[in-house]
Amino acid sequence: MAGDLFLSTPLLLPLVLTWIVPVLAHEHHGADLTEEQLHAPVDAVLWIHIALQAIVWGFIFPVGMVLGLTRSRWHVPVQSLAFALTFGGIVLGHAHGGRQFPSSTHSHIGSWILVPIFAQLGLGIYLKLHIHERTLRPYAVRAHGVLGRIWPILGWVQGLFGVITLRGFCGEVGAGQCAAHYIMGSGFIAYGMIMALLLVVGDNWVRRSGRSPEWWDSWVIMLWGIINTFTEHHGGEWSVKDMQHTILGILWWAGGALGIFLSRNNQRNVVPGVIIILTGWAMSDHAQALMLSTKVHSMFGYSLMLAGFARVLEVCFIPLPSSPLSERPPLDDNDSEHTLAPAAPKDTGVTAKLNAVRAFRHLPPFLLVASGLLFMSATDEELEAAHEEGVDHVTYVLSMYSIAFLFYLLTVLLLHLYSTSGRNASSAQQPNVVFSAEGIELSDTDASKWYAPLSREEGTSAAAHVLGEDEDD
């Protein structure tokens, strides 16, 4: 393997250099652009660049990251494809005609992002060589893992600045509002995705940490509140918005501190949910210049309030199971959670409760993701542009919710992939024991896969015989 990599590297380097040299030599435009260049139509090359990079950084790289976390053999092929496509996308971004753009944060990050790209690519090749196993390799593994985990953040930030550049938003006048909306909106989206991670696949980690989910929530809320308290007013007279935003910061750090205290000894509490409800109420009554803006802010507030209520219900009435199925004692026919026959009333209640837990726990994180997207789309410039296009608040809000559904779909797909790929695939494929008796187990998995005939020499003392659904007993 090492020899093949060394032989192929000299062949790949000229190809990569032919892509990268034009990028490094490309001069970013400044104030010398004409009005015609600034307002020309976007050409097909730039649209391909946007679509390609959105697919690569929004889907292929995250899938490859998850496959790397699970040690899947598909990690290297998927990431190799992603690197090849993103290099092509970078070239297209510098080779387009049509509309031209002034120098921007997106263009500067586009040049500097080559540093982590080549660092990650180099680390991946080095790790495939399997050399320096006891000296440098352990540090390379850690560096590769850290870079891989921040990949979605890099893609999100660069993609967000790309949208800002394309639409011409967030100039000198609107930069402060853009920063507030995009940072806080991104925070709500990240909060929702992390909550989904903890509630859907992170039960074991939460229990091992010895801290309740609300302990982590409260720390995030408190730290963000401290930052928000001292960054919303920039001198001069206090406006109504300055006062509202600052008092929200005080609410967050005060409530977060209470939540941390109540979460001691691994206790759950409703303080984070109450803070989300109060924040949503404040935002729902946030007066704006445009009616469209007022309606969008109101829906943002209502979504937050619903997310807070859902979180309170989840904490108070839909607690997490006491322990995951994999850590429970072996099942017998008296305490089985599954059955091939119609369930008894007792089992029906247990199964229904577990299904309710699995279904309901998706509601708070999804609403947080939707709230974040609504807030990010509620800047004055965006809503003025929508108003000029004749878009009403119903169409606008439902458009954001549609995007939220796609975002959350991607989130749960990645969580599902993590649970069923690589080193987690074997545990995901284990048969679910639905009945256990002396010498026989019934499984609800595929019979041809899990059937093991009982040898005659072993007699009645042999290991349990597994029967699938389609076999005769």
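Residues numbered from 1 in each chain as written. Predicted model: local features only at pLDDT ≥ 70, side-chain atom pairs only at ≥ 80, totals over all residues. Heavy atoms only, no water.

*Asks:* An account of the state of the cysteines is requested, with residue identities and associated values reported.
*Replies:* For the structure on display, the rule yields 1 disulfide. Shown here is the disulfide that connects C170 with C178, its sulfur atoms set 2.1 Å apart. As the torsion about the S-S bond is roughly -90 degrees, the C170-C178 disulfide counts as left-handed. On the basis of relative accessibility, which here comes to 3%, the residue C178 falls in the buried class. (Disulfide = S-S within 2.5 Å. Buried < 20%, exposed > 50% of the residue type's maximum accessible area, 1.4 Å probe, protein only.)

*Asks:* Go over a nonpolar patch on the surface with me, naming the residues and quoting the values.
*Replies:* Together, W219, L223, I226, F230, I247, I250 and W253 give the surface a local cluster of nonpolar side chains, amounting to about 680 Å² of exposed area. Mapped by element, the contributors of at least two residues to the nonpolar patch are α11 (213-229) and α12 (240-262). Take I226: it is sitting in helix α11. (Patch = residues over 30% accessible without salt bridge, like charges linked within 9 Å, V, L, I, M, F, W, Y side chains within 5 Å. Areas by Shrake-Rupley, 256 points an atom, 1.4 Å probe, with all protein chains shown as cover. Salt bridge = Lys/Arg side-chain N within 4 Å of Asp/Glu carboxyl O. Helix = DSSP H or I, 4+ residues; strand = E, 2+ residues; numbered from the N terminus.)

*Asks:* Hey, could you go over the pattern of salt bridges for me, with residue numbers and the actual values?
*Replies:* One pass over the structure, following the stated rule, counts 6 salt bridges. Salt-bridge contacts for E133 lead to R137; the nearest nitrogen and oxygen are separated by 3.4 Å. By relative accessible area, which is 43% here, E133 ends up partly exposed. Two residues, E314 and R268, come together in a salt bridge whose shortest N-O distance is 3.3 Å. Pair noted here: E314 is in helix α14 (residues 291-317) and R268 is in the loop between α12 and α13 (271-284), with a separation of 46 residues, a long-range link. For E314, a relative accessible area of 2% translates into the label buried.

*Asks:* How would you summarise the packing of aromatic side chains if you had to cite specific residues and measurements?
*Replies:* Evaluated as defined, the whole model comprises 14 aromatic pairs. When the ring of F61 is compared with that of F83, the centres are 5.3 Å apart and the planes differ by 75 degrees; the resulting orientation is edge-to-face. Of the two residues, F61 sits in helix α3 (residues 44-69) while F83 sits in helix α4 (residues 75-95), which places them 22 residues apart along the sequence. For the pair F61 and F83, one class covers both residues: buried. For the pair F87 and F118, a centre-to-centre distance of 5.5 Å together with 35 degrees between the ring planes defines the contact as tilted. You can see F87 sitting in helix α4 and its partner F118 sitting in helix α6 (residues 114-129), a full 31 residues away along the chain. (Phe/Tyr/Trp six-rings, centres within 6.5 Å; stacked < 30°, edge-to-face > 60°.)

Bear in mind that shape data such as this cannot, by itself, settle questions of function.
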